[in-house]
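Read off the chains here:
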Amino acid sequence: MTLPDASTEIPDALQVLHRVFGYDSFRGEQQQVIDHVVAGGDALVLMPTGGGKSLCYQIPALVREGTGVVISPLIALMQDQVDALTALGVRAGFLNSTQDPDERRAVEHAFLDGRLDLLYLAPERLRTEGTQRLLDRGTVSLFAIDEAHCVAQWGHDFRPDYLALSMLHERWPKVPRIALTATATEATHGEIAARLGLEDARHFVASFDRPNIQYRIVPKNNPLKQLLELIRTEHDGDAGVVYCLSRASVEKTAAFLAEQGIDAVAYHAGMDARTRAANQARFLREDGVVVVATIAFGMGIDKPDVRFVAHLDLPKSVEGYYQETGRAGRDGEPATAWLAYGLQDVVQQRKMIEGSEGDETHRRSLAMHLDAMLALCETVGCRRVRLLAYFGQPGEPCGNCDTCLTPAESWDGTVAAQKLLSTVWRLARERRQKFGAGQIIDILQGKKTAKVIQFDHDALSVFGVGADLSTAEWRSVVRQLLALGLLAVEGEYGTLVLTDASGEVLGGRRTLSMRKEKVPAAAPARKESGSRSGKGPRVPVDLPEAALPVFEALRAWRAATAREQGVPAYVVFHDATLREIATRLPATVEELGTVNGVGEAKLAKYAEGILEALSEAGAPGSPAPAAAPSEAAPLPRQAAPYEDEPPFDPDDTDPPWDDWE
Ligand code: ADP
Ligand code: ZN
């Protein structure tokens, strides 16, 4: 780093934070971590996504002598990471398989000449003797092991090359190591420490709460229509991620959104590599793109302004759910995590577990993960408290999840459960038959459908005993019984069968308090909801309506600048910084320099452009021009291409690591 006036003295951490990153103060435990590593100590850092892990190694690398070597599995993102640092005036480079020999040589020379503050390396590259000798010949200030959970063998992101990282300490015993991850489970924590030889390192474990994320889980009835409603009413013009289980539903959903005039692109491992990379680049670089993806998308996506993450299918575990939803709101601004969940999800997932490869222990572990996820879906308590409890952390009812905002009512479902279970029992006992939820509910409601008549089910004594509940309510009962293990699904057709525990309910030894099905209503009111002005982006929180035209002008300036420089928009400035500029309307370069997120390098590079954009937008002093009228009328709504329960093919899903090299 070249600090203009202070190149002779060693900068301290706080100075670097101000001058390079343009931030006022450290967040959470950043300062303690940084001090520890600057002093040469090893550290293991568990911090949620958006917690600010990067600064924990970037600042020590800038303060200590030599180059900080960052080991990261995310080759596709190294260029963006280096661009972001370069924009801050930090001297950064990377070595990976995407470079030609000339590019590689240039980076190696910069390292050997001491002209690099940070060097990003893929783990497989570090394993080569050539790379190790290179590092011997230069000065390494620290090793940062990013995404450290990749060393955990039973985790879903395991990377064999990470195992070799235990040699860092043997080969370079004097160089401090800092391992970082956003994975919160105790098991992974222990495994990272053991495999990287970090038992004696200082462990920093932050709270895994993400207070700016509003968690919502809604009953699924027409997922595409529900998703469209969410985007139209709350996230028009926002960047978001929509997760689907299968590649086919990714395609279908992306096409549907695009038809509705939403800037949506698809991403899954079955697409050709070029289109996939282009779609990812658009999402990262431009404002307001929605990516519809399988779970192959997202590891390490450090786009800070993702405003919503929507799940159209149930995640397989609470860890997965937490990680995927965690990609929303890294910048700390309000964001939504929305999941539509239905009976079919439970049936589908149970079927997948039943048909999965691996032994009984493996299947049991999958089932336990699913059960925890179902319990989160069916809880009448605060979602956040549940989520944190899963990671062994305490929490208070949060006031920013659906159950806190619109408390879920519960009802005594014992009798309903008995009716349902005894229908399953009678079919099995009297007819030697098994059926799926649809037929059972038809019987309970007394519907004389063709299938009911065909099987003579209207002659059963339970026929019509459940006419008092709607189909949605019955489906909810089935879901909750499945979640509680009082009912099970079996076989290819997802037929319902009793479990060992069903007898307790049938025999009246167990009562059941159930979550009342809510009519899928409009979004619960957000505490600090941004006001809206027709089509286009919402007025961000804390932004007075009058500042909107200025903010929009700044965003337009940012988009043009980013395009010109070939970097993502957020690399130029974050929304929060633009918002502060739009409200404070700095008139001079000095004033602009006091805005959060404006460091010295960015000030030098962008002050002129910003001040010009401000004066063109009629600020400060002159009255701001009125906001542009919205040109397009809202598009007509269309029926969703599919209702609930799309056909499902397990081979059509992606493992989470497919986007890596
Ligand atoms: P993580 O890697 O833990 O997900 P990042 O390092 O990407 O998080 O940081 C998340 C966001 O918070 C980034 O946009 C970063 O610039 C910002 N940030 C980090 N530390 C601070 C701080 N001390 N003050 C203000 N913003 C910060
Ligand atoms: Zn809550």
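Structure: above.
Description of the structure in this document.

### Focus: unusual backbone geometry
If a residue is not glycine, its phi is most likely negative; likewise, a peptide bond is most likely trans. Here E147, not a glycine, exhibits a phi torsion of approximately 50°, which is positive. Residue R432 is not a glycine yet carries a positive backbone phi of 55°. One can find R432 in the loop between α18 (414–431) and α19 (437–445). Using a relative accessible area of 72% as the deciding quantity, one classes R432 as exposed.

### Let's talk about the sheet that holds strand β8 (residues 213–219)
Reading across from one edge, β8-β13-β12-β9-β11-β10 is the order of the six strands in this open sheet, with parallel pairing throughout. Each edge of the sheet is formed by a strand with only one pairing partner; in this case those strands are β8 and β10 (264–267). When strand polarity is set aside, the average angle formed by the axes of neighbouring strands in this sheet is 15°. Two elements, β8 and strand β13 (residues 335–341), share seven bridges in a ladder whose sense is parallel. Residue pairing for β13: R216 is matched across the bridge by W338. Helix α10 (residues 223–234) contacts β8, β9 (239–243), β12 (306–311) and β13 of the sheet and is inclined by roughly 165° relative to β13.

### Topic: the coordination of the zinc ion (ligand 2)
For the zinc ion (ligand 2), the protein coordination sphere consists of C382 (SG), C398 (SG), C401 (SG) and C404 (SG), at 2.3 to 2.4 Å. Every donor counted, the four donor atoms about the zinc ion (ligand 2) form angles of 103 to 118° at the centre, which fits tetrahedral coordination. When the donors of the zinc ion (ligand 2) are listed by position in the chain, the intervening gaps give C-x15-C-x2-C-x2-C. The exposure classification of C398 matches that of C401, with both residues buried.

### So, the pairing of strand β4 (residues 118–121)
Neither face of β4 is left uncovered, since the one carrying L118 and Y120 and the one carrying L119 and L121 both have all their residues buried. The sheet contact formed by strand β2 (residues 67–71) and β4 spans four bridges and is parallel. Across the sheet, G68 pairs through a bridge with L118, a residue of β4. Pairing of strand β3 (residues 92–95) with β4, which is carried by four bridges, proceeds in the parallel orientation. Bridge pairing in β4 links L95 to L121. Tracing the backbone out of β3, into helix α5 (residues 101–112) and back to the parallel element β4 gives a crossover that is right-handed.

### As for the pairing of β13
Most of β13 sits out of view: seven of its seven residues are buried. Burial of the side chains of β13 extends over both faces: A335, A337, L339 and Y341 are buried on one face and T336, W338 and A340 on the other. In this sheet, β13 lies alongside β12 in parallel orientation, the contact comprising four bridges. What sits directly across from A310, in β13, is W338. The parallel pair β12 and β13 is bridged by helix α13 (residues 318–325), and the resulting crossover is right-handed.

### Description of the pattern of salt bridges
The final tally for this structure, using the stated rule, is 33 salt bridges. E333 serves as the salt-bridge partner of R579, at 2.9 Å between the closest nitrogen and oxygen. Residue R579 is located in helix α25 (residues 575–584), and its partner E333 is located in the loop between α13 and β13; the two are separated by 246 residues in the primary sequence. Grouping residues by exposure puts R579 and E333 together as buried. The partner of D458 in a salt bridge is K448, with the nearest N and O atoms 4.0 Å apart. With D458 in the loop between α20 (450–454) and α21 (471–483) and K448 in the loop between α19 and α20, this pair connects stretches of sequence that are ten residues apart. On the basis of relative accessibility, which here comes to 27%, the residue D458 falls in the partly exposed class. Ionic contacts of the salt-bridge type, sharing partners, join the residues E129, R133, D136 and R171 into one network.

### Regarding the site of ligand 1
The immediate surroundings of ligand 1 are formed by 15 residues, with Y23, G50, S54, R330 and H574 found nearest. For ligand 1, a nitrogen atom lies 2.9 Å from a polar atom in the backbone of S25. Note that an oxygen atom of ligand 1 is positioned 3.4 Å from one of the side-chain N or O atoms of H574. Starting from 560 Å² of accessible surface for ligand 1 in isolation, the protein chains cover 85%. For the shell around ligand 1, the element with the most residues is helix α3 (residues 53–63), which contributes three residues.

Calculation criteria
Residues numbered from 1 in each chain as written. Chains lettered and ligands numbered in written order. Predicted model: local features only at pLDDT ≥ 70, side-chain atom pairs only at ≥ 80, totals over all residues. Heavy atoms only, no water. Helix = DSSP H or I, 4+ residues; strand = E, 2+ residues; numbered from the N terminus. Buried < 20%, exposed > 50% of the residue type's maximum accessible area, 1.4 Å probe, protein only. Pairing = 2+ DSSP bridges. Axes fitted to C-alpha atoms, helices over the stretch in contact; angles between N-to-C directions. Contact = heavy atoms within 4.5 Å. Donors = N, O, S within 2.8 Å, 3.2 Å for Na, K, Ca; no water. Tetrahedral: all angles 85-135°; square planar, octahedral: opposite > 155°, others 65-115°. Right-handed = clockwise from strand over helix to strand, strands pointing away. Salt bridge = Lys/Arg side-chain N within 4 Å of Asp/Glu carboxyl O. Near = heavy atom within 4 Å. Polar contact = N/O pair within 3.5 Å; in protein donor to acceptor, adjacent residues only side chain to side chain. Areas by Shrake-Rupley, 256 points an atom, 1.4 Å probe, with all protein chains shown as cover.

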